[in-house]
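Observations on the three-dimensional arrangement
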Amino acid sequence: MARRIVTAMTSDPRSRVIHGVGVFSGRPATLTIAVGTRGLTWHASGDHEGVLASIGYVSPDTGWTGLPAGVPVRNTTIASGGRTVATIEHVMGALAGSGVWNAAITLEGVESPILDGSAKDFVTLAASLPRSSTSPLTLASPVEVRNGNASIIATPLAAGESLEYTYELDYGPGAPISPQRATWRGEALDFANNIAPARTFSLLKEVQQARALGLFAHMKPADLLVIGDDGQPIDNSWRMEAEPARHKLLDLIGDLALLGRPLRARVVATRAGHALTHEFCRAVLRSLPSASGSALA
């Protein structure tokens, strides 16, 4: 395989800048993270208003990929006022996992840089920002969403209990990746060490289908994890135990950050993807008193 193309991508915590390319679009991207005052807000250079990273601005549009309409893309995209910002979930996860809830993220390009498919470099930048004293969202009753055999279930916590997010990965009998789970209980150090380094992955069959649609032409298995039929990475190796479940947990944390505040609940996601997590966030807001929900939507 060719040398990893992300070797030219750099992160400098002093300047808080990351350069790279988008995983779906293949386009260059430069990302800067600075202290913010309006939640987690995404900007273009010179754009002071920006787009608030909110579930209310999540967009299903995939036109930014350059592919025909209707091609499924597994990511989180927000859009407002003609500005589209794609594949934000790893950056959002890094900020929320680090306890940063006020940040100005400037992205030159339409899609966040994928780097090695993890959030570890984004965590390095987030660590230089002050943690935010943001009051969490609390549930009065359980919230549940389902789609086939996928589900996300959240239950309220008792006084003194800390949030707990769990992802249960299960591709079914005979799948290349065995069932596995990963849990995070809100600690920034645990996130940085055990969740942020986990990389995005695809099964070989999924990659072959995506390439047929024109996706990932600029990527090779040495760049991002592609799992063969034997359950092992092709031209790559695992970074940690249960890496796929840990990465799915990273995505979950990033998408839950679209609520604008930490969700203090016990959340169990089973076989869930971005679309179901977006639906879950909307269900959480609907469960809150109208004043609380409308402020975040």
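Because the structure is predicted, anything quoted here is derived from the model rather than measured.

Attention now moves to the overall build of the protein. When you go through the protein residue by residue, the secondary structure sums to 7 helices and 17 strands. Against the globule reference of 19 Å for 297 residues, the protein gives a C-alpha radius of gyration of 18 Å, in line with a compact fold. Principal axes of the C-alpha set define a box for the protein whose edges measure 50 × 50 × 40 Å. Within the span of the protein, comprising 297 residues, buried residues form 52% of the whole. A separation threshold of at least 6 residues defines the contact pool for the protein, and within that pool the share at least 24 residues apart is 71%. Taken as a whole, the protein presents about 12800 Å² of accessible surface, with 51% of it coming from carbon and sulfur. Taking the average place of the 26 positive charges on the side chains of the protein and the average place of its 26 negative ones, the gap between the two points comes to 2 Å.

Counted by the stated rule, this structure contains 3 aromatic pairs. A centroid spacing of 5.8 Å and a plane angle of 65° characterise the contact between Trp184 and Phe191, whose relative ring orientation is edge-to-face. With respect to class, Trp184 is no different from Phe191; both count as buried. Clustering of aromatic rings is evident, with ring pairs tying together Tyr165, Trp184 and Phe191.

Below, the discussion takes up the pairing of strand E7 (residues 83–86). Bridge count between strand E6 (residues 77–80) and E7: 4 bridges; the pairing is antiparallel. In the strand pairing of E7, Ser80 is matched with Arg83. The loop that links E6 with its antiparallel partner E7 comprises 2 residues; one of these, Gly81, has a positive phi angle of about 55°.

This paragraph deals with the sheet that holds strand E13 (residues 180–184). As summarised here, the arrangement of the 5 strands in space is E10-E11-E17-E12-E13, forming an open sheet in which the pairing is mixed. Two strands in the sheet have a free side with no partner beyond their single neighbour: strand E10 (143–147) and E13. Across the sheet, the mean angle separating the axes of adjacent strands is 10° when strand polarity is ignored. Bridge analysis of E10 against strand E11 (residues 150–155) gives 5 bridges, and the strand direction is antiparallel.

Counting across every chain of the model gives 12 salt bridges. A salt bridge links Arg239 to Asp116, with the nearest nitrogen and oxygen atoms 2.9 Å apart. In this pair, Arg239 is assigned in the loop between strand E15 (225–227) and helix H5 (243–256) and Asp116 in the loop between strand E8 (103–108) and helix H2 (120–126), connecting sequence segments 123 residues apart. Glu164 is the salt-bridge partner of Arg185, the closest N and O atoms lying 3.1 Å from each other. A residue pair is termed long-range when its members are at least 10 positions apart, and Arg185 in the loop between E13 and helix H3 (188–194) and Glu164 in strand E12 (residues 164–169) qualify at 21 residues. Because the salt bridges share partners, they merge into one network encompassing Asp116, Lys120, Asp121 and Arg239.

Turning our attention to the nonpolar core. Judged by nonpolar contacts, the single largest core of 72 residues is most densely connected at Trp42, Leu95, Tyr165 and Leu263. Contacts of Leu95, omitting those with residues within four sequence positions, involve Ile33, Leu40, Val100, Ala103, Ile105, Ala126 and Leu129. The next biggest cluster of nonpolar side chains, apart from the first, holds 15 residues, and it includes Val73, Ala210, Leu215 and Met219.

Quick look at the side chain of Thr65 now. Mapped onto the fold, Thr65 is located in the loop between strand E5 (51–52) and E6. By relative accessible area, which is 8% here, Thr65 ends up buried. At 2.7 Å, the side chain of Thr65 and the backbone oxygen of Thr62 are in polar contact. In this structure Thr65 touches Phe24, Arg27 and Val73, once residues within four positions along its chain are discounted.

Here the protein averages 89 in pLDDT, and 92% of its residues register 70 or above. Here residues 291–297 scores under 50 on pLDDT; set against residues more than four positions off or in separate chains, the count is 11 contacts.

A word on the side chain of Ser132. The topology assignment puts Ser132 in the loop between H2 and strand E9 (137–138). For Ser132, the side chain forms a polar contact with the main-chain nitrogen of Asn102, separated by 3.2 Å. Beyond its immediate chain neighbours, meaning those up to four positions away, Ser132 contacts Gly99, Val100, Trp101 and Asn102.

Moving on: helix H6 (residues 274–287). Taking 1.5 Å per residue, 14 residues should reach 20 Å; H6 reaches 20 Å between its end C-alpha atoms and fits that length. His274, Leu276, Thr277, His278, Phe280, Cys281, Ala283, Val284 and Leu285 are the residues of H6 that are buried.

Calculation notes
- Residues numbered from 1 in each chain as written.
- Predicted model: local features only at pLDDT ≥ 70, side-chain atom pairs only at ≥ 80, totals over all residues.
- Heavy atoms only, no water.
- Helix = DSSP H or I, 4+ residues; strand = E, 2+ residues; numbered from the N terminus.
- Rg over C-alpha atoms; globule rule 2.2 N^0.38 Å.
- Buried < 20%, exposed > 50% of the residue type's maximum accessible area, 1.4 Å probe, protein only.
- Contact = heavy atoms within 4.5 Å.
- Areas by Shrake-Rupley, 256 points an atom, 1.4 Å probe, with all protein chains shown as cover.
- Lys, Arg positive; Asp, Glu negative; His and termini not counted.
- Charge placed at Lys NZ, Arg CZ, Asp CG, Glu CD.
- Phe/Tyr/Trp six-rings, centres within 6.5 Å; stacked < 30°, edge-to-face > 60°.
- Pairing = 2+ DSSP bridges.
- Axes fitted to C-alpha atoms, helices over the stretch in contact; angles between N-to-C directions.
- Salt bridge = Lys/Arg side-chain N within 4 Å of Asp/Glu carboxyl O.
- Core = buried A, V, L, I, M, F, W, Y, C linked by side-chain atoms within 4.5 Å.
- Polar contact = N/O pair within 3.5 Å; in protein donor to acceptor, adjacent residues only side chain to side chain.
- pLDDT = per-residue confidence, 0-100.
- Expected span 1.5 Å × (residues − 1).

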